Amino acid sequence: MISFAACDDAPETAIPQENQQPPMLTAADIEISTTGDIAAGALDLAPLVNDRQDSVALLSIDRCDNLAEGYSLVPVVQISGTDDFASKASISCHVRGTTAYAAISDINSAYAAVFGYHNTPEKVYARVLATTEYEGSEGTAVSVVGSDTQFYAPSQFTLTPDLMLNLYVPMGANDFDIAKAQALQTNDGVNYWGYVNVTSEFYFSNGRQGELMRRWDSGGEVLSGNPIGIRIDATGCVWIAYNISSGAISSKAITTYGVIGDLPGNNWGTSVPLTQTTDPLVWKGDVTFGTGQWKFRANDGWDFNLGGDKANLLPGGDNIDSPGAGTYTVTLDLSKVPYSTTLVKK
(Lines give C-alpha, C1' and ligand atoms only; values in the text may rest on other atoms or scores of the structure.)
Protein backbone atom coordinates (compact mmCIF):
# COMPACT_ATOMS: atom_id res chain seq x y z
CA MET A 1 0.00 0.00 0.00
CA ILE A 2 1.29 3.40 -0.91
CA SER A 3 0.47 6.32 1.34
CA PHE A 4 0.97 10.04 0.95
CA ALA A 5 1.61 12.67 3.57
CA ALA A 6 -0.47 15.78 3.54
CA CYS A 7 1.31 18.99 2.53
CA ASP A 8 0.32 20.51 5.85
CA ASP A 9 2.56 17.96 7.56
CA ALA A 10 5.73 19.31 5.89
CA PRO A 11 7.92 21.61 8.04
CA GLU A 12 7.70 25.30 7.25
CA THR A 13 11.53 25.63 7.02
CA ALA A 14 14.22 23.20 5.88
CA ILE A 15 16.23 21.39 8.53
CA PRO A 16 19.77 22.88 8.60
CA GLN A 17 22.56 20.54 7.45
CA GLU A 18 24.89 19.46 10.20
CA ASN A 19 28.05 20.07 8.07
CA GLN A 20 27.35 23.28 6.26
CA GLN A 21 30.12 24.60 4.06
CA PRO A 22 31.50 27.93 5.32
CA PRO A 23 31.50 30.95 3.04
CA MET A 24 34.33 30.66 0.54
CA LEU A 25 37.20 33.04 1.19
CA THR A 26 38.05 34.79 -2.06
CA ALA A 27 41.18 36.54 -3.26
CA ALA A 28 39.36 39.87 -2.99
CA ASP A 29 38.80 39.30 0.74
CA ILE A 30 42.52 39.58 1.51
CA GLU A 31 45.08 42.36 1.45
CA ILE A 32 48.70 41.59 2.39
CA SER A 33 51.79 43.80 2.40
CA THR A 34 55.40 43.38 3.46
CA THR A 35 56.59 44.71 6.79
CA GLY A 36 59.76 45.10 8.84
CA ASP A 37 63.16 44.50 7.31
CA ILE A 38 61.99 43.10 3.98
CA ALA A 39 59.78 46.16 3.48
CA ALA A 40 62.91 48.24 4.14
CA GLY A 41 64.81 46.26 1.50
CA ALA A 42 67.24 44.09 3.49
CA LEU A 43 66.91 41.17 5.91
CA ASP A 44 70.04 40.03 7.79
CA LEU A 45 69.38 36.98 9.95
CA ALA A 46 72.65 36.82 11.92
CA PRO A 47 71.88 39.71 14.31
CA LEU A 48 68.45 38.21 14.99
CA VAL A 49 69.95 34.83 15.83
CA ASN A 50 72.55 36.48 18.05
CA ASP A 51 69.65 38.11 19.90
CA ARG A 52 68.18 34.59 20.27
CA GLN A 53 65.16 35.29 18.09
CA ASP A 54 63.66 32.26 16.38
CA SER A 55 61.22 34.07 14.07
CA VAL A 56 60.90 37.36 12.23
CA ALA A 57 57.95 39.45 11.01
CA LEU A 58 57.63 39.40 7.22
CA LEU A 59 54.06 40.42 6.38
CA SER A 60 51.21 42.62 7.49
CA ILE A 61 47.69 41.19 7.09
CA ASP A 62 45.94 44.42 6.17
CA ARG A 63 42.55 42.80 5.59
CA CYS A 64 41.08 39.32 5.82
CA ASP A 65 37.29 39.22 5.49
CA ASN A 66 34.98 36.21 5.66
CA LEU A 67 37.45 33.81 7.28
CA ALA A 68 35.19 31.10 8.69
CA GLU A 69 35.40 29.92 12.27
CA GLY A 70 37.95 27.17 12.75
CA TYR A 71 39.97 28.25 9.72
CA SER A 72 43.43 29.88 9.85
CA LEU A 73 45.08 32.08 7.26
CA VAL A 74 48.54 30.73 6.38
CA PRO A 75 50.52 33.01 4.04
CA VAL A 76 53.26 31.23 2.12
CA VAL A 77 56.19 33.37 0.97
CA GLN A 78 57.88 32.15 -2.19
CA ILE A 79 61.44 33.35 -2.83
CA SER A 80 63.57 33.09 -5.96
CA GLY A 81 66.74 34.48 -7.45
CA THR A 82 64.92 35.48 -10.65
CA ASP A 83 61.72 37.39 -11.35
CA ASP A 84 60.22 34.45 -13.27
CA PHE A 85 60.45 32.23 -10.17
CA ALA A 86 61.79 29.38 -12.30
CA SER A 87 63.62 28.08 -9.23
CA LYS A 88 61.88 28.88 -5.97
CA ALA A 89 61.42 27.80 -2.37
CA SER A 90 58.49 28.33 -0.02
CA ILE A 91 58.33 29.65 3.56
CA SER A 92 55.13 29.07 5.54
CA CYS A 93 54.21 31.84 7.97
CA HIS A 94 52.17 31.85 11.16
CA VAL A 95 49.84 34.77 11.88
CA ARG A 96 49.64 36.50 15.24
CA GLY A 97 47.17 39.34 15.27
CA THR A 98 47.69 41.17 11.97
CA THR A 99 51.34 40.17 11.49
CA ALA A 100 52.72 37.07 9.77
CA TYR A 101 55.98 35.63 11.10
CA ALA A 102 58.37 33.07 9.63
CA ALA A 103 60.81 30.82 11.47
CA ILE A 104 64.41 31.88 10.88
CA SER A 105 65.34 28.22 10.31
CA ASP A 106 62.76 28.02 7.50
CA ILE A 107 64.13 31.18 5.86
CA ASN A 108 67.65 29.74 6.04
CA SER A 109 66.47 26.47 4.48
CA ALA A 110 64.68 28.29 1.65
CA TYR A 111 67.77 30.39 0.94
CA ALA A 112 69.97 27.28 0.79
CA ALA A 113 67.52 25.55 -1.57
CA VAL A 114 67.64 28.48 -4.01
CA PHE A 115 71.18 29.84 -3.69
CA GLY A 116 73.25 27.06 -2.09
CA TYR A 117 74.79 26.61 1.33
CA HIS A 118 76.70 29.81 2.05
CA ASN A 119 76.09 33.15 3.75
CA THR A 120 76.48 35.50 0.79
CA PRO A 121 73.89 38.31 0.60
CA GLU A 122 71.61 37.67 -2.37
CA LYS A 123 68.95 39.70 -4.15
CA VAL A 124 65.64 37.94 -3.56
CA TYR A 125 62.37 38.15 -5.47
CA ALA A 126 59.42 37.36 -3.23
CA ARG A 127 55.67 36.92 -3.53
CA VAL A 128 52.95 35.58 -1.25
CA LEU A 129 50.48 32.78 -1.85
CA ALA A 130 47.48 32.84 0.52
CA THR A 131 46.31 29.52 1.92
CA THR A 132 43.92 28.47 4.68
CA GLU A 133 44.11 25.56 7.07
CA TYR A 134 41.29 23.77 8.87
CA GLU A 135 41.92 21.29 11.65
CA GLY A 136 39.25 18.62 11.41
CA SER A 137 38.71 15.14 12.76
CA GLU A 138 40.34 13.69 9.67
CA GLY A 139 43.43 15.90 9.85
CA THR A 140 44.49 19.25 8.44
CA ALA A 141 42.87 20.49 5.24
CA VAL A 142 44.84 23.07 3.27
CA SER A 143 43.26 25.20 0.56
CA VAL A 144 44.65 27.90 -1.72
CA VAL A 145 42.70 31.14 -1.65
CA GLY A 146 41.61 32.07 -5.15
CA SER A 147 44.08 30.15 -7.29
CA ASP A 148 47.72 29.11 -7.20
CA THR A 149 48.49 31.95 -9.61
CA GLN A 150 47.03 34.63 -7.33
CA PHE A 151 49.87 36.32 -5.45
CA TYR A 152 50.17 39.17 -3.01
CA ALA A 153 52.88 41.61 -1.91
CA PRO A 154 55.46 41.17 -4.69
CA SER A 155 58.78 42.50 -3.45
CA GLN A 156 62.53 42.52 -3.82
CA PHE A 157 65.05 42.64 -0.99
CA THR A 158 68.55 41.53 -0.05
CA LEU A 159 68.64 38.42 2.12
CA THR A 160 71.68 37.50 4.22
CA PRO A 161 71.18 34.09 5.86
CA ASP A 162 72.77 32.68 8.98
CA LEU A 163 73.68 29.15 7.95
CA MET A 164 76.01 27.13 10.15
CA LEU A 165 79.03 26.86 7.87
CA ASN A 166 81.37 25.54 10.56
CA LEU A 167 81.11 23.17 13.49
CA TYR A 168 83.80 23.74 16.10
CA VAL A 169 85.64 21.07 18.10
CA PRO A 170 86.55 22.38 21.56
CA MET A 171 88.55 20.18 23.92
CA GLY A 172 90.90 20.50 26.86
CA ALA A 173 93.95 21.13 24.66
CA ASN A 174 92.42 24.34 23.33
CA ASP A 175 90.98 25.32 26.73
CA PHE A 176 87.48 24.83 25.31
CA ASP A 177 88.03 28.17 23.59
CA ILE A 178 86.17 28.43 20.29
CA ALA A 179 88.77 30.90 19.02
CA LYS A 180 91.43 28.19 19.40
CA ALA A 181 89.33 25.20 18.31
CA GLN A 182 89.55 23.62 14.88
CA ALA A 183 86.52 23.97 12.64
CA LEU A 184 84.75 21.38 10.52
CA GLN A 185 83.30 22.46 7.17
CA THR A 186 80.09 21.58 5.35
CA ASN A 187 78.48 21.84 1.94
CA ASP A 188 74.94 21.03 3.03
CA GLY A 189 74.48 21.82 6.73
CA VAL A 190 74.25 18.13 7.63
CA ASN A 191 77.61 16.53 6.90
CA TYR A 192 80.58 18.26 8.55
CA TRP A 193 84.20 17.24 8.00
CA GLY A 194 87.75 18.36 8.59
CA TYR A 195 91.11 17.87 10.29
CA VAL A 196 91.44 18.16 14.06
CA ASN A 197 94.39 17.91 16.44
CA VAL A 198 92.88 15.37 18.84
CA THR A 199 94.51 15.18 22.26
CA SER A 200 91.57 14.16 24.45
CA GLU A 201 87.82 13.77 24.43
CA PHE A 202 86.11 16.53 22.48
CA TYR A 203 82.77 18.17 21.88
CA PHE A 204 80.96 19.86 19.03
CA SER A 205 79.80 23.47 19.19
CA ASN A 206 78.16 25.91 16.80
CA GLY A 207 80.46 28.52 18.33
CA ARG A 208 77.90 31.29 18.40
CA GLN A 209 79.02 34.10 20.71
CA GLY A 210 81.68 31.76 22.12
CA GLU A 211 79.06 29.47 23.67
CA LEU A 212 80.42 26.22 25.02
CA MET A 213 77.31 24.81 26.61
CA ARG A 214 75.49 24.36 23.31
CA ARG A 215 77.22 21.21 22.09
CA TRP A 216 76.24 18.14 20.14
CA ASP A 217 76.83 14.76 21.68
CA SER A 218 77.52 11.62 19.64
CA GLY A 219 73.77 11.05 19.32
CA GLY A 220 73.22 14.33 17.53
CA GLU A 221 71.19 15.89 20.35
CA VAL A 222 71.61 19.55 21.25
CA LEU A 223 72.56 19.63 24.90
CA SER A 224 72.67 22.16 27.68
CA GLY A 225 74.37 21.53 30.97
CA ASN A 226 77.20 19.01 31.09
CA PRO A 227 77.41 17.03 27.84
CA ILE A 228 79.24 13.76 27.44
CA GLY A 229 82.62 14.07 25.72
CA ILE A 230 83.33 12.11 22.54
CA ARG A 231 86.25 9.71 22.64
CA ILE A 232 88.06 8.12 19.69
CA ASP A 233 91.14 5.94 19.58
CA ALA A 234 93.18 8.20 17.29
CA THR A 235 95.21 11.21 18.44
CA GLY A 236 97.21 13.90 16.66
CA CYS A 237 96.16 14.87 13.15
CA VAL A 238 92.78 13.17 12.63
CA TRP A 239 90.17 13.43 9.90
CA ILE A 240 86.71 13.66 11.47
CA ALA A 241 83.36 13.47 9.72
CA TYR A 242 80.11 14.09 11.57
CA ASN A 243 76.48 13.88 10.46
CA ILE A 244 74.41 16.14 12.71
CA SER A 245 71.16 14.46 11.66
CA SER A 246 72.09 10.87 12.45
CA GLY A 247 74.86 11.59 14.96
CA ALA A 248 77.22 9.28 13.04
CA ILE A 249 80.92 10.00 13.56
CA SER A 250 83.83 8.59 11.57
CA SER A 251 87.52 9.30 12.02
CA LYS A 252 90.88 8.41 10.52
CA ALA A 253 94.35 9.04 11.91
CA ILE A 254 96.55 10.90 9.41
CA THR A 255 100.08 9.59 9.82
CA THR A 256 101.61 11.02 6.63
CA TYR A 257 100.96 13.83 4.18
CA GLY A 258 102.88 14.29 0.96
CA VAL A 259 103.03 15.76 -2.53
CA ILE A 260 102.39 13.61 -5.61
CA GLY A 261 102.20 14.50 -9.28
CA ASP A 262 104.25 15.27 -12.37
CA LEU A 263 107.48 15.51 -10.38
CA PRO A 264 110.92 14.87 -11.91
CA GLY A 265 111.59 11.13 -11.87
CA ASN A 266 108.28 10.45 -10.13
CA ASN A 267 105.30 10.57 -12.46
CA TRP A 268 102.41 10.19 -9.98
CA GLY A 269 104.23 7.19 -8.57
CA THR A 270 104.80 7.81 -4.87
CA SER A 271 104.29 10.73 -2.51
CA VAL A 272 107.17 13.01 -1.56
CA PRO A 273 106.68 13.11 2.22
CA LEU A 274 106.21 16.25 4.26
CA THR A 275 107.12 16.46 7.94
CA GLN A 276 104.79 17.47 10.74
CA THR A 277 105.85 20.65 12.52
CA THR A 278 105.31 21.29 16.20
CA ASP A 279 101.68 21.83 15.22
CA PRO A 280 100.37 18.39 14.13
CA LEU A 281 98.10 20.09 11.60
CA VAL A 282 100.92 21.89 9.77
CA TRP A 283 103.14 19.87 7.41
CA LYS A 284 106.30 21.12 5.72
CA GLY A 285 109.04 19.90 3.35
CA ASP A 286 111.16 20.56 0.29
CA VAL A 287 109.76 19.35 -3.03
CA THR A 288 111.31 19.57 -6.50
CA PHE A 289 108.79 20.41 -9.21
CA GLY A 290 109.00 20.21 -12.98
CA THR A 291 106.07 21.06 -15.24
CA GLY A 292 102.60 19.62 -15.12
CA GLN A 293 100.35 19.21 -12.10
CA TRP A 294 100.31 17.87 -8.57
CA LYS A 295 98.26 17.61 -5.36
CA PHE A 296 98.43 16.51 -1.72
CA ARG A 297 97.49 13.11 -0.40
CA ALA A 298 97.53 11.48 3.04
CA ASN A 299 98.63 8.05 4.26
CA ASP A 300 100.14 7.28 0.82
CA GLY A 301 96.66 6.64 -0.57
CA TRP A 302 93.81 8.45 -2.29
CA ASP A 303 91.11 8.24 0.37
CA PHE A 304 92.27 11.58 1.74
CA ASN A 305 93.64 14.06 -0.77
CA LEU A 306 93.53 17.82 -1.28
CA GLY A 307 93.57 19.97 -4.39
CA GLY A 308 92.07 22.97 -6.13
CA ASP A 309 92.78 26.57 -5.14
CA LYS A 310 96.00 26.83 -3.07
CA ALA A 311 94.20 29.28 -0.76
CA ASN A 312 91.17 27.01 -0.37
CA LEU A 313 92.19 23.36 -0.64
CA LEU A 314 89.31 20.91 -0.77
CA PRO A 315 89.04 17.12 -0.44
CA GLY A 316 89.19 15.58 -3.90
CA GLY A 317 89.91 18.98 -5.43
CA ASP A 318 91.41 19.49 -8.88
CA ASN A 319 95.08 18.98 -9.61
CA ILE A 320 97.24 22.03 -8.89
CA ASP A 321 99.42 23.57 -11.60
CA SER A 322 103.18 23.46 -11.11
CA PRO A 323 104.69 26.63 -9.62
CA GLY A 324 107.52 26.27 -12.14
CA ALA A 325 110.63 24.11 -12.30
CA GLY A 326 112.75 24.13 -9.18
CA THR A 327 112.82 23.18 -5.53
CA TYR A 328 110.31 24.78 -3.17
CA THR A 329 109.63 24.66 0.55
CA VAL A 330 106.00 23.52 0.69
CA THR A 331 103.86 24.23 3.75
CA LEU A 332 100.44 22.62 4.13
CA ASP A 333 98.28 24.29 6.78
CA LEU A 334 95.32 22.26 8.06
CA SER A 335 95.04 24.18 11.34
CA LYS A 336 92.32 26.53 10.12
CA VAL A 337 89.76 26.74 7.38
CA PRO A 338 90.05 27.23 4.55
CA TYR A 339 92.99 24.83 4.24
CA SER A 340 95.89 26.36 2.34
CA THR A 341 99.42 25.84 1.07
CA THR A 342 102.36 28.17 0.46
CA LEU A 343 105.37 27.46 -1.78
CA VAL A 344 108.64 29.36 -1.38
CA LYS A 345 111.33 28.78 -3.99
CA LYS A 346 114.74 27.93 -2.61
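In this text the structure is predicted, and so the values were computed from the model without any measurement.

Engineer: Just to check I follow, could you spell out the overall build of the protein for this structure?
Structural biologist: Helix and strand counts for the protein stand at three helices and 29 strands. The buried share of the protein, taken over its 346 residues, is 42%.

Engineer: Would you take a moment to explain the nonpolar core for this structure?
Structural biologist: Note that soluble globular proteins tend to have their nonpolar side chains buried in a common cluster. Formed by 36 residues in total, the largest nonpolar core has its most connected members in Leu-43, Leu-58, Val-77, Ile-79, Ile-107 and Leu-159. Here the element with the most residues in this core is helix α3 (residues 104-115); it accounts for six residues. Residues contacting Val-77, with those up to four places away along its chain left out, are Leu-58, Leu-59, Ala-89, Ser-90, Ile-91, Cys-93, Ala-126, Arg-127 and Val-128. Judged by nonpolar contacts, the second largest core, of 26 residues, contains Ala-241, Ala-298, Leu-332 and Leu-334.

Engineer: Is there a simple way to think about the pairing of strand β28 (residues 326-333) in this case?
Structural biologist: Where a strand is regular, its side chains alternate between the two sheet faces. In terms of burial, β28 is a largely internal element, six of the eight residues being buried. Here strand β23 (residues 282-289) runs beside β28; their pairing, made up of eight bridges, is antiparallel. The residue bridging Phe-289 from the neighbouring strand is Gly-326, located in β28. By the bridge criterion, six bridges tie β28 to strand β29 (residues 340-345) in an arrangement that is antiparallel. The residue bridging Leu-332 from the neighbouring strand is Thr-341, located in β29. Joining the antiparallel neighbours β28 and β29 is a turn of six residues.

Engineer: Help me understand the side chain of Ser-60, please; the structure alone is not making it clear to me.
Structural biologist: For Ser-60, the location among the structural elements is in strand β3 (residues 55-64). Once you skip the residues sitting within four places of it in the chain, Ser-60 turns out to touch Glu-31, Ile-32, Ser-33, Thr-35 and Thr-98.

Engineer: Even after reading the chapter, I still don't get the packing of aromatic side chains, so can you show me in this structure?
Structural biologist: The geometry of an aromatic ring pair is captured by the separation of the ring centres together with the interplanar angle, meaning the angle of the planes. Considering all chains together, one arrives at 14 aromatic pairs under this definition. With centroids separated by 5.9 Å and ring planes inclined at 15°, the aromatic side chains of Trp-193 and Trp-239 adopt a geometry described as stacked. A residue pair is termed long-range when its members are at least 10 positions apart, and Trp-193 in strand β13 (residues 191-198) and Trp-239 in strand β17 (residues 236-243) qualify at 46 residues. The pair formed by Trp-193 and Trp-239 is uniform in burial state, with each residue classed as buried. Grouping aromatic residues by their ring pairs yields a cluster made of Trp-193, Tyr-195, Trp-239, Tyr-257, Trp-283, Phe-304 and Tyr-339. Above the plane of the ring of Phe-85 lies Arg-127, whose end atom (NZ or CZ) is 3.9 Å from the centre.

Engineer: When you look at the side chain of Thr-341 in this model, what are you seeing that I'm missing?
Structural biologist: With respect to the secondary-structure elements, Thr-341 resides in strand β29. Reaching out from Thr-341, the side chain makes a polar contact with the backbone oxygen of Thr-331 at a distance of 2.9 Å. Excluding anything up to four places from it in sequence, Thr-341 contacts Phe-296, Lys-310, Leu-313, Val-330, Thr-331 and Leu-332.

Engineer: Explanation requested: the pattern of salt bridges in the structure shown.
Structural biologist: Pairs can form between side chains of opposite charge whenever their charged atoms are close. Taken as a whole and judged by the stated rule, the model has six salt bridges. Lys-180 is paired through a salt bridge with Asp-175; the nearest N and O atoms lie 3.1 Å apart. Residue Lys-336 is joined to Asp-333 by a salt bridge in which the shortest nitrogen-to-oxygen separation is 2.6 Å. On the basis of relative accessibility, which here comes to 14%, the residue Asp-333 falls in the buried class.

Engineer: Looking at this structure, how should I read unusual backbone geometry?
Structural biologist: Glycine aside, the phi torsion of most residues is negative, and most peptide linkages are trans. In the segment running from Val-337 into Pro-338, the intervening peptide bond is cis, with an omega of 0°. Here Pro-338 shows up in the loop between β28 and β29. Positive phi, normally seen in glycine, also occurs at Asn-299, with a value near 55°. Tracing the chain through its elements places Asn-299 in the loop between β24 (293-298) and β25 (305-309). Residue classification places Asn-299 among the partly exposed residues on the basis of a relative accessible area of 25%.

Engineer: Honestly, the sheet that holds strand β22 (residues 275-276) in this entry has me stumped. Any pointers?
Structural biologist: Sheet architecture is open: four strands sit in the order β22-β23-β28-β29, paired in antiparallel fashion. This sheet does not close on itself; its edge strands, each paired only once, are β22 and β29.

Engineer: Looking at this structure, how should I read the sheet that holds β3?
Structural biologist: Strand pairs in the sheet, formed through backbone hydrogen bonds, run parallel or antiparallel to each other. If you trace the four strands from one edge of the open sheet to the other, you get β1-β3-β7-β6, paired in antiparallel fashion. In this open sheet, the two strands that pair with only one neighbour each are β1 (30-34) and β6 (94-96). Averaged over all adjacent pairs, the angle separating strand axes in this sheet is 35°, with direction ignored. Bridge count for β3 against strand β7 (residues 99-103) is five bridges, and the pairing is antiparallel. For Ser-55, the partnering residue across the bridge sits in β7 and is Ala-103.

Rules used throughout
Residues numbered from 1 in each chain as written. Predicted model: local features only at pLDDT ≥ 70, side-chain atom pairs only at ≥ 80, totals over all residues. Heavy atoms only, no water. Helix = DSSP H or I, 4+ residues; strand = E, 2+ residues; numbered from the N terminus. Buried < 20%, exposed > 50% of the residue type's maximum accessible area, 1.4 Å probe, protein only. Core = buried A, V, L, I, M, F, W, Y, C linked by side-chain atoms within 4.5 Å. Contact = heavy atoms within 4.5 Å. Pairing = 2+ DSSP bridges. Phe/Tyr/Trp six-rings, centres within 6.5 Å; stacked < 30°, edge-to-face > 60°. Lys NZ or Arg CZ within 6 Å of the ring centre and 35° of its normal. Polar contact = N/O pair within 3.5 Å; in protein donor to acceptor, adjacent residues only side chain to side chain. Salt bridge = Lys/Arg side-chain N within 4 Å of Asp/Glu carboxyl O. Axes fitted to C-alpha atoms, helices over the stretch in contact; angles between N-to-C directions.

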